[in-house]
Amino acid sequence: IGKDVPYVLLAAIAEQSEDTIRRGLAHLQETEFLYETQLFPDLEYTFKHALTHEVTYGSLLQERRKTLHAQIVSAIERLYPDRLSEQVERLAHHALRGEVWDKALSYFRQAGEKAATRSANRKAIVDFEQALSALAHLPERKENIEAAIDLRFRVRTCLIQLGDFAPILQRLREAEALARAIGDERRLGWVHSYLC
């Protein structure tokens, strides 16, 4: 789940009884691996040391990690349906590691927009680039190619605000090639406008 572990999320993916989970958490607290960080609105635990979290995570087989990350995405969507925008970064992280590519695309795109709204342009660029990476795993359909073009436009906007003009030309040339490939005159017009 991460260094910080909401109890409700742990219980949703643990595949154990609540009594077993609580006993396990009590034991981990007694041995000082975990401690409670929050009681309200939801009980939450955190690892006492980041290294403990890293070693524990590293001991999981890659396929098990992937499965757990995908389960976490589903659990968060189920547990917090009205608060997904608050969880978008966590959702994006787990969707990427769970190789749930369509959700990784969606959540990284939302995280990028959220960061761009706060003028956190470097973070927005990272999120938009992650969305592009997830998109590369999806079928080459028209709507996915359109999304790839639009994400490049969003990266361009953030780069302009940072005054980092060098990578813009490459992103626009990529967008141009994609727009030509699907015959999207409107997006091609935007590319040419941006190139000017």
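Residues numbered from 1 in each chain as written. Predicted model: local features only at pLDDT ≥ 70, side-chain atom pairs only at ≥ 80, totals over all residues. Heavy atoms only, no water.

A.B. asks: I tried to follow the sheet that holds strand E1 (residues 4-6) on my own but got confused; where do I start?
C.D. replies: Sheet strands pair by backbone hydrogen bonding; their relative direction is either parallel or antiparallel. Spatially, the three strands line up as an open sheet ordered E1-E3-E2, and their pairing is antiparallel. Either end of the sheet is taken by a strand with one partner, and the two such strands are E1 and strand E2 (34-38). Direction aside, the axes of adjacent strands within the sheet are offset by 35° on average. Pairing of E1 with strand E3 (residues 44-47) involves three bridges; the strand directions are antiparallel. Each bridged residue has a counterpart across the sheet, and for Asp4 the counterpart in E3 is Thr46. Packing of helix H2 (residues 18-30) onto the sheet brings it into contact with E2 and E3, and relative to E2 it is tilted by some 105°. (Pairing = 2+ DSSP bridges. Helix = DSSP H or I, 4+ residues; strand = E, 2+ residues; numbered from the N terminus. Axes fitted to C-alpha atoms, helices over the stretch in contact; angles between N-to-C directions. Contact = heavy atoms within 4.5 Å.)

A.B. asks: Hey, could you run me through the nonpolar core in this one?
C.D. replies: Side chains of nonpolar character tend, in soluble globular proteins, to be buried together. Counting residues in hydrophobic clusters, the biggest one holds 44 residues, and the most contacted among them are Leu135 and Leu151. For this core, the secondary structure elements donating two or more residues are helix H1 (7-13), helix H4 (62-79), helix H5 (88-97), helix H6 (101-117), helix H7 (121-135), helix H8 (142-162), helix H9 (166-182) and helix H10 (185-195). Of the residues forming this core, the biggest block, nine residues, is contributed by H8. In this structure, Tyr7, Ile21, Leu34 and Leu43 belong to the second largest nonpolar core, which totals eight residues. (Core = buried A, V, L, I, M, F, W, Y, C linked by side-chain atoms within 4.5 Å. Buried < 20%, exposed > 50% of the residue type's maximum accessible area, 1.4 Å probe, protein only.)

A.B. asks: Whenever I open this one, the packing of H4 against H5 confuses me. Can you help?
C.D. replies: When two helices pack together, their arrangement is given by the angle between the helix axes and by the axis-to-axis distance. The interhelical angle for the contact between H4 and H5, taken along N-to-C directions, is 145°, at an axis separation of 7 Å. Between H4 and H5 lies a crossing of left-handed hand. Each of Lys66, His69, Ile72, Val73, Ile76 and Glu77 in H4 lies in contact with H5, whose residues at this interface are Arg90, Leu91, His93, His94, Ala95 and Arg97. Looking at side-chain class alone, the contact of H4 with H5 contains five nonpolar, three polar and four charged residues. (Left-handed = near helix turned anticlockwise from the far one by under 90°. Nonpolar A, V, L, I, M, F, W, Y, C, P; charged D, E, K, R; others polar.)

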